[in-house]
Each structure stands twice: as structure tokens, then as C-alpha cells.
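Structure at a glance
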Amino acid sequence: MRGNVVVEINKNSMEAVVTINSNNSMEITGEVIRAALEKEGVTTGIDEAALKSLPKNAQYGMGYTVAKGKKPIKGESGYYEFLVSDHSQVTKGRLLAKYHPAGRGSLGCTVFGTVIAPSPAVEEPELSLLNVERRDNGFYATEDGILSQRGYYLEVLRQVEINRDITSMRGLVDIGGDLHVHGDIRDGAKVQATGNIVVDGVIEGAFVSAGKEMIVKQGVHGKGSAVLKAEKITAAFLEEASASAEELIHVGHMFNSDVFCKDTILADGNKGLIVGGTVTAGRCIEANTIGNAFGVGSSLILKTVDPFQPVEKCVIVHGEMYPSTYLQFDDTKAENVSAEQKEFHCTSAGILPYEIGKFIKPISEVVAPPKKEVPKPLVMIVDDDPVVLKKEYSDLSEKYSVAALAKPTDVLMFLNKKIPDLMLLDYMMPEMNGSELLSRIRKKEGCKAIPAFFLTGVSDKAVVAQCLSMYPQGYLLKPMSKEELLKVVDDFFRENAK
């Protein structure tokens, strides 16, 4: 086979394609193809089998891939391994958790042999610790207590027991853990705990706040001034009190109380009454009896908490709902409602009663939740040339949030407020060059793992080597068309999507 060899390198330098054109200039051999590759600087990832095969099997004018670069492999992100369940009793010295640092990943390279750094593996934020110490990558309890693990908080909370009543004379009772009161909480007292609160007696007109669950074994005589807050509230009864909870309010009966819960309010004790007051829930209000024969009604309100995650809301009455009951589902209202053994739902025809457990919402009334807007990745471009900066901003801003900065010092100030998802750095700039800027960025707290490309007109080999020694995502040469720039950025976010 005779002809001449043409070598083409793709835009990201990850493939070399050989085309043999028909003429009689020379005899094509594997060594001739290799020499053509070496002339173009291709030294890595050469397919030896292709070099042997092409002189015999190639077709004139057809392109054949004869060398491929190696993509970098991102290291595994760091993670915490929690060894003890939340709310567990722990003893001093117990190992509670381990941290597994991020893996380094492996380097890639182009067909020119240029090293490509993997995207920096992400380390988890530091844990906030209370009565816990870190030794190497282990976390150990320094006190006996109850484990609390939420988000990036790891705490061992003390369990405090008070063997008498709490009165206003005691001042604010503030516990960093669980509290068990073997008595009552009297008028005017103020009590709060970051964990659970258990009260063996009653709560009178007091302020009581629990970070988790509150249990009041003998109920609440609120006298119009009690305020209760917790994730869950369980009480024998709730009278003339104000209460709010995230997940559940569960009582034997409720009288003249203003109550709010993001999920469910349930009155199912021996009486199971809800009489008087305003009762507001995000999903369900359920009771045996609502209102009474003397005309004392209740205002029952079902209110959408999260418009992006709507739930079917209902009021369930297992016994009797007396007239003078007021129902409201978001903006739909009904007054003087009465019924026996029914559940109420809001439809296009208004608030209607159904047999308990028999309601099926018509498909025509099922409304899809509004779509949450996914925030665009933030790309920071840094270039002291205003023309280039304006073009790159225009090219990227249709698909990405873009921060365009002309001065390295402005970049360092910007990073104090916001961390970009990707940086595109020029090299030749006043104040400091791109390599110096990236070095300073990686020394800033929280900025070490920000991925960066150099996007510059400098092709000097020494500069390129210096920049690549910092393991950026790549070294790109200007000018780049809009399509080329978008492809680089799009490919980066696609390949590094979690």
C-alpha cells in the first residue's frame, strides 16, 4: 500500500486519527505511521495492533483511531461511618464513628503524554463535636450519656433527672441532652432541652421546649399561658395551652387549645375529644369526637406545608362531629359542619364527607407538584482582557451561572462569600499569574477542592509544565469557539455528576 499519512488530533487531545491518502509517495508501513505520529508529538496510548493492521487492511481516505489517551479516574469521596445508632446510651471511651478520607484517584494523560489530574475527591466537612474527641480518624465519647447524631453534629448529651417540681423560682432550666422531671412543671417556669423531655406529672402555665420528643404523662393544665414545642408531643390531655410540633401531637383529649403540627394531630384516648380552640395540621387531624352538644366548636385547619411535596389532607372523626365545627383546607372553607364516623376531604365540589377509608381522589383532581428549580452550576471565569471576559461570559451564561472577574485579588475576595463549581483561569494577568492565583486559592479554607481549567493563550512548554504540575482539570488554549468552550464545560459537569 502506497500513499501518505495524515494525522489528526481531536480537540481534547485524547485521540489520534490516521488517514492514508492515495498516491505513490511512499510505501506505508507500521513504522511510517509511527513516524507520522511522533512528528505530531503523539507518544502515548498507541495501538500497536492497528499499526500492524493498517498497511494491509486500511481503505484510502478513511480515518482510523490509532492512539487513545487515558481519562483520569476520580477518587472516592470521603465519608463518615457511624458505628452507634442515634439516641443510644454510650459510655466514656466508646468509639462512635470513623472517618474514611477521600481517595486520590488516578491520573490520566493525553496522546501527547500530558498528565491530566482527576477531579479532586471531596472531603466531608468537619463534624461539630460535644463530649466527643477525635483521635486520628476515630471519634470517641468523652462522657457517659445519650448519643445525638444529626447532620454534621456528633454529640454525647447528658441525661438529667430532677426529682422534684420545677417552679419559676428556679429560673431557666436549660439542658444539653435529655431531661426527666419526676414531678410537675409549674406556672411561670421555663424549661428547655436539646434532647427528649419526660414529665411524670403535669405541666401548668409554663414554657417547655424539647429538641426531640416531649412526653407529659399526666397532661397539661395550661391556664391560657402554657407553650409547648417539640418534634413530637405526647400528653394525657391538653387544656388551654399552645403547642407546636414537627411530626405528631398525640393526646387523650384537647380542650380550648391552639395547636399546630406539620404532619398529624391525633386525639384517641378514653375521650378522644377536640373541643374549642384552633387546631392546624399539615396532613391529618383525627379524633373520636369533635365539638360538644353545648355548641362549643373547634376550628380545624388543614394547611399545605410544602407546596413542592403536597399530600392528601383529611379530617377523620370516628364518633361524632357536632355542629359549629369550622373546617378549612387551605383556601376552601366550610362552617357549621356535622357528621358521624366520617372523614373529610377537599374536592372541586368543596369539603365533603366520605366513609372512613373509602375516599379515592379523582385522577382529574390530582395536581402534579410544581417542579423545583435546579440551581445552575456556578462557573467562575478569570481574565484581565475585557473582550475575552465578555465573550466567555456570553458563551456560558445561557446554561450556567457565571461569575466574571478581571483581577486575581477580586477572585480571592469573592471566594470568601461563595465557592464556584468550576474555575476557568487565564495565565498572563497583572498582580499575579494564573498559576500563582490557583496556588493561593488552594491554600484558602474550603477552596482546596475547587476544580479548575487553565484557559489561556500561553503555549510556552515551561509554563504549561508548571501549570500541569498543579493538577488542574486541563490546559486549554485560546481562542475557543462557543461550541468548543461549552463542550469542555458540559463534559466536565457530565463526567463529574454525582
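The structure we're discussing is the one just above.
A few points on the structure. (Residues numbered from 1 in each chain as written. Predicted model: local features only at pLDDT ≥ 70, side-chain atom pairs only at ≥ 80, totals over all residues. Heavy atoms only, no water.)

Moving on: the overall build of the protein chain. For the protein chain, the count of helices and strands is 7 helices and 38 strands. Whereas a compact globule of 498 residues would reach a radius of gyration of roughly 23 Å, the protein chain reaches 34 Å, over 25% beyond that. Along the three orthogonal principal directions, the C-alpha set of the protein chain runs to about 110 × 60 × 45 Å. Split into buried and exposed, the 498 residues of the protein chain put 43% on the buried side. Taking the intrachain contacts of the protein chain between residues at least 6 apart in sequence as the baseline, contacts between residues at least 24 apart amount to 39%. About 25,900 Å² of surface is accessible on the protein chain, with carbon and sulfur atoms providing 51% of the total. Here the protein chain carries 56 positive and 66 negative side-chain charges, and the mean point of each set is 5 Å from the other. (Helix = DSSP H or I, 4+ residues; strand = E, 2+ residues; numbered from the N terminus. Rg over C-alpha atoms; globule rule 2.2 N^0.38 Å. Buried < 20%, exposed > 50% of the residue type's maximum accessible area, 1.4 Å probe, protein only. Contact = heavy atoms within 4.5 Å. Areas by Shrake-Rupley, 256 points an atom, 1.4 Å probe, with all protein chains shown as cover. Lys, Arg positive; Asp, Glu negative; His and termini not counted. Charge placed at Lys NZ, Arg CZ, Asp CG, Glu CD.)

Three or more residues of helix α6 (residues 461-468) are buried, namely V463, V464, C467 and L468. All buried residues of α6 fall inside an arc of 130 degrees around its axis, so they share one side. Away from the buried face of α6 by more than 90 degrees, exposed residues K461 and A462 are located. Packing partners of the buried residues in α6 comprise β9 (115-116), α5 (434-443), β37 (452-456) and β38 (474-477). For α6, the capping residue at the N-terminal end is D460, with a side-chain oxygen 3.1 Å from the backbone nitrogen of A462. (Arc of directions from axis to C-beta. Polar contact = N/O pair within 3.5 Å; in protein donor to acceptor, adjacent residues only side chain to side chain.)

Take the environment of R135 next. Mapped onto the secondary structure, R135 falls in strand β11 (residues 132-135). Note: C-alpha distance between R135 and K98 (37 residues apart in sequence) is 9.6 Å.

Another point: unusual backbone geometry. The phi torsion of most residues other than glycine is negative, and most of the peptide bonds are trans. Here K478 and P479 are connected by a cis peptide whose omega angle stands at -5 degrees. With respect to the helices and strands, P479 occurs in the loop between β38 and α7 (482-495). Despite not being glycine, N131 shows a phi value in the positive range, around 60 degrees. Secondary-structure assignment places N131 in the loop between β10 (128-130) and β11. Since its relative accessible area comes to 22%, N131 is described here as partly exposed. You will see that E431, though not glycine, has its phi angle at about 75 degrees, which is positive.

In the case of a regular strand, side chains alternate between the two sheet surfaces. Examined bridge by bridge, strand β5 (residues 79-82) and strand β7 (residues 95-100) share 4 bridges and lie antiparallel to one another. Its bridge partner lying in β7, E81 is registered against K98. Examined bridge by bridge, β7 and strand β12 (residues 138-141) share 3 bridges and lie antiparallel to one another. Bridge pairing links A97 to F139 in β12. (Pairing = 2+ DSSP bridges.)

Two elements in contact, helix α1 (residues 30-39) and helix α2 (residues 48-57), have axes separated by 8 Å at closest approach and are oriented at 125 degrees. The pairing of α1 with α2 is recorded here as oblique in orientation. As α1 runs across α2, the sense of the crossing is right-handed. Residue-level inspection shows G30, I33, R34 and L37 of α1 in contact with α2, the latter providing E48, L51, L54 and P55. Its residues placed into classes, the contact of α1 with α2 shows 5 nonpolar, 1 polar and 2 charged. (Axes fitted to C-alpha atoms, helices over the stretch in contact; angles between N-to-C directions. Parallel < 35°, antiparallel > 145°, perpendicular 65-115°, else oblique. Left-handed = near helix turned anticlockwise from the far one by under 90°. Nonpolar A, V, L, I, M, F, W, Y, C, P; charged D, E, K, R; others polar.)

Take the packing of aromatic side chains next. Following the criterion strictly, the structure yields 8 aromatic pairs and no others. On the basis of an interplanar angle of 40 degrees and a centroid distance of 6.1 Å, the ring pair of F454 and Y475 is categorised as tilted. Of this pair, F454 sits in strand β37 while Y475 sits in strand β38, and the two are 21 residues apart along the sequence. One exposure class covers both F454 and Y475, and it is buried. Considering the side-chain rings of F492 and F493, the 5.1 Å spacing of their centres and the 75 degrees angle between planes classify their relative orientation as edge-to-face. We note that F492, like F493, is buried. Counting every residue linked through ring pairs, the aromatic cluster contains Y80, F82, Y99 and F139. (Phe/Tyr/Trp six-rings, centres within 6.5 Å; stacked < 30°, edge-to-face > 60°.)

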